[in-house]
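# Structure at a glance
Read off the chains here:
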Amino acid sequence: MTETISPAAELDAADPLASFRQEFHIPPGPDGRPCAYFCGNSLGLQPKAARAAVEQEFDAWERLGVEGHFHGVSPWMHYHETLTDASARLVGARPIEVVVMNNLTVNLHLLLVTFYRPTATRYKILMEGGAFPSDQYAIESQARLHGLDPADAIVELVPRPGEHTLRTEDIEATIAELGDSLATVLIGGVNYYTGQAFDMAAITRAGHAVGAYVGFDLAHAAGNLDLRLHDWDVDFACWCTYKYLNSGPGGTSGVFVHERFAQRPDLVRLAGWWGHDPSDRFQMKKGFRPMAGAAGWQLSNAQIFPMAIHRASLDLVDRAGGMPALRRKSEQLTARLEWLIRGLNLPASALEIITPADPAQRGCQLSVLVHRRGRELFDYLASQGIIADWREPNVIRLAPVPLYNSFEDVDRVGAALRQWVNG
């Protein structure tokens, strides 16, 4: 390496977000000291505030029983509403466009019931090849629900020969080619395997130009990218909260439905009583009348305990300055990690980063394709107290998360990789 970069200690000392590391429980490594945790793209670490947030609701349940819905510090009747403003800020939306409810794949299905309405001629649904399995299974089953053959209804985007990621112009060209046969575009905001972040604004424009609905699974984008869903004119989106949003395994999920659909009770949807107009919800009458906005897709009353953790986590994001501040540090951490990996000077036939080098086309994840002894390298990193993620057949995913990872953590990865190469 001929370049020089600032020492990690200097960068950590100058980092305005450094103190947030102390807000998380960091698991110990084999030597007992805190590990270098680079697996937040799979499960984020536990905020120290999470336990107290849940204990508050346990206390309300203990003291108030059913009256906790109407009394206490945060009455459960309106608990989900306490997440609305922060969720809107998180994804660049207006409050009426977001709601927190259910789990990710449940929400994906609920949205597809509304936004995948195939006809005899407009029935194609476009997704990226190699999407996360839940997305693949959900779309396959949605096609079958409408009596369609998934092999005919689903169009998968694949990279050009010899490339690992998709080009925006190829996505746009495929959308234009499908034209008025395309009903819906559903793409992950960030591909879980390669770490590629897609140009959601361009994809949305292209989809709308041919009359299709456009939505995104933001599981790997929410809390990772600076999103602008309203301004990008996205129709619908959903995301989980247990990765970059640190809200616990199996945590609750967020939903976005653009404001233009806020006053559309005619839209087909699967209904539940919590999505019914609250002015007469408790009259228990027949005849569903949806709430305005994304809240009209709710089914059941709030998952209080997961939402308590999520509220504590969203508070950390806001206190850190929101996604613009987190994104600035994320780019610095990821660029440093990339620099250290490339500095190993290994041929691509041995090890290559398959995540785009352009910061605009990635979040904080780097996917490293290890052509030889990949599992051995992964296990070696674990022995050095570095928690990464292994994806078959031979990819190691490393995600330096700005809320709790330090520049020293990144250098620990670089040092371990160099030791392994030289060993």
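Use the structure listed above.
The following paragraphs examine the structure supplied in this document. For clarity, every value in this text was computed on a predicted model and none was experimentally measured.

### Section: the overall build of the protein chain
Helix and strand content of the protein chain: 13 helices and 15 strands. The C-alpha radius of gyration of the protein chain comes to 22 Å, within 12% of the 22 Å expected for a compact globule of 423 residues. Here the protein chain holds 423 residues, and 56% of them are scored as buried. Pairs at least 24 apart in sequence give 70% of the contacts found in the protein chain among residues at least 6 apart. A total accessible area of about 17,800 Å² is found for the protein chain, and carbon and sulfur atoms account for 53% of it. Side chains of the protein chain give 38 positive and 49 negative charges; the mean places of these two sets differ by 1 Å.

### Points about helix α7 (residues 168-178)
For α7, every residue scored as buried is listed here: I171, I175 and L178. Taken down its axis, α7 places every buried residue within 70 degrees of arc, on the same side. When the buried face of α7 is taken as reference, the exposed residues oriented beyond 90 degrees from it are A176 and E177. Buried positions along α7 lie against β5 (124-128), β6 (154-157), β7 (182-188) and α8 (200-209).

### Focus on the state of the cysteines
Following the criterion strictly, the structure yields zero disulfides and no others. Unpaired in terms of disulfides, C35 finds its nearest cysteine sulfur in C39, a separation of 9.7 Å. Distance from the sulfur of C238, which forms no disulfide, to the nearest cysteine sulfur (C240) is 9.2 Å. The exposure class of C238 is buried, given its relative accessible area of 1%.

### Observations concerning the packing of aromatic side chains
All chains considered together, the criterion is met by 15 aromatic pairs. Summarising the aromatic geometry, the rings of F58 and F305 are spaced 4.6 Å apart at their centres and angled 25 degrees between planes, so their arrangement reads as stacked. With F58 in helix α2 (residues 49-64) and F305 in helix α10 (residues 304-319), this residue pair connects regions lying 247 residues apart in the sequence. Relative accessible area serves as the criterion here: at 28%, F305 is assigned to the partly exposed category.

Criteria and cut-off values
Residues numbered from 1 in each chain as written. Predicted model: local features only at pLDDT ≥ 70, side-chain atom pairs only at ≥ 80, totals over all residues. Heavy atoms only, no water. Helix = DSSP H or I, 4+ residues; strand = E, 2+ residues; numbered from the N terminus. Rg over C-alpha atoms; globule rule 2.2 N^0.38 Å. Buried < 20%, exposed > 50% of the residue type's maximum accessible area, 1.4 Å probe, protein only. Contact = heavy atoms within 4.5 Å. Areas by Shrake-Rupley, 256 points an atom, 1.4 Å probe, with all protein chains shown as cover. Lys, Arg positive; Asp, Glu negative; His and termini not counted. Charge placed at Lys NZ, Arg CZ, Asp CG, Glu CD. Arc of directions from axis to C-beta. Disulfide = S-S within 2.5 Å. Phe/Tyr/Trp six-rings, centres within 6.5 Å; stacked < 30°, edge-to-face > 60°.

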